[in-house]
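Chain by chain, the residues run as shown.
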Amino acid sequence: MDKLKKQLLGPSAESKQELLGKLVSYIAIIVIGGLVGTILVFLTIKGVALFNNDHFSLWQFLSGVNWQPSHHLYGALPMIAASFGVTVLAGMVALPLALVVALALTEMLSKKINQFCQPLIELLVGIPSVVYGYIGLTVVVPNLRQLFGGTGFGLLAAACVLFLMILPTMTSMTIDSLRAVPKQYRMASTGLGATRWQTIIRVIIPSARSDIFTAMVFGMSRAFGEALAVQMVVGNTTIMPKGLMDSAATLTSVITTGIGNTVMGTPSNNALWSLALILLIMSLAFNLLIRVVSRKGAR
């Protein structure tokens, strides 16, 4: 009798599984949150050491144009400007082309071509960045040298490599955003007598505008944090660039080339950690912008 009562009134196997699933989920959330929080705290402590321990001016760090660690000059403005320059240039060129390719695959071309092209685009997303850097080093840089003279290394070469890297990502996300537009919108537009181009321009693109912008921001955030591919073609010169063909250095290239040549705790090492903190803040800003755009699109 007691056993039957326990079976009737006690928790079922499904409820036990649900409790176990919740427990595992909570533990995973705590672990991931702890790791992210630890990284943020660690980078913040190391990033502000240049200003707290070495008493270097934050304004001079952000606005200075001379980066000479041997002379205790830590002006990060050339690297910040170069990072933003190559990212914005690559994003502005990649977005229109990604939108055109996505519209062609979703609205114009046949399903057979779409079934062939989309897996190819997704395959390009997973190619390692060193491969793009090698292509830039062996193809982009020599062609730029032949067309414009000079060494071929510089902002334009870095922007071309980043363009090649983020184009598949932005195209794939744009395709998904266009396919998410309900078919009823297309049918209603066609029923009202609109042509295919009118439907695309006035119905489909405005409906997927927020998701398309999200794809652009996501691609630019990847470009902003890229290190190896940019380092291979940008020239790695820590001076303020005056043109697209001038050699420059981005935040990531300076960090990767300099972190192994400094001693932990020295001002030179602390300055590199400050650059890493700026990179982290900008990455968080890109992610926050994606969330804001996604929420507006959902509304």
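Residues numbered from 1 in each chain as written. Predicted model: local features only at pLDDT ≥ 70, side-chain atom pairs only at ≥ 80, totals over all residues. Heavy atoms only, no water.

(A) Just the pattern of salt bridges, in detail. In this structure the tally under the stated criterion is one salt bridge. For the salt bridge of glutamate 107 with arginine 186, the shortest nitrogen-to-oxygen distance reads 2.8 Å. Here the residue glutamate 107 occupies a position in helix 5 (residues 77-108), and arginine 186 occupies one in helix 9 (residues 183-191), the gap between them amounting to 79 residues. Relative accessible area serves as the criterion here: at 18%, glutamate 107 is assigned to the buried category. (Salt bridge = Lys/Arg side-chain N within 4 Å of Asp/Glu carboxyl O. Helix = DSSP H or I, 4+ residues; strand = E, 2+ residues; numbered from the N terminus. Buried < 20%, exposed > 50% of the residue type's maximum accessible area, 1.4 Å probe, protein only.)

(B) Broad picture of the packing of aromatic side chains. Per the stated rule, a full pass over the model turns up five aromatic pairs. Here the aromatic rings of tryptophan 67 and tyrosine 74 are separated by 5.8 Å at their centres, their planes lie at 75°, and the arrangement is edge-to-face. Residue tryptophan 67 is classed as buried on the basis of its relative accessible area of 9%. In this structure tyrosine 74 comes out as buried when scored by relative accessible area, which is 3%. Members of the aromatic cluster, joined through ring pairs, are Phe56, Trp67 and Tyr74. (Phe/Tyr/Trp six-rings, centres within 6.5 Å; stacked < 30°, edge-to-face > 60°.)

(C) Just unusual backbone geometry, in detail. Even without being glycine, histidine 72 reaches a positive phi, approximately 60°. Here histidine 72 is to be found in the loop between strand 1 (67-68) and strand 2 (73-74). Owing to a relative accessible area of 51%, histidine 72 belongs among the exposed residues under this scheme. Phi at asparagine 236 takes a positive value of approximately 55°, unusual for a residue other than glycine. Turning to its location among the elements, asparagine 236 is positioned in the loop between helix 12 (228-233) and helix 13 (251-258).

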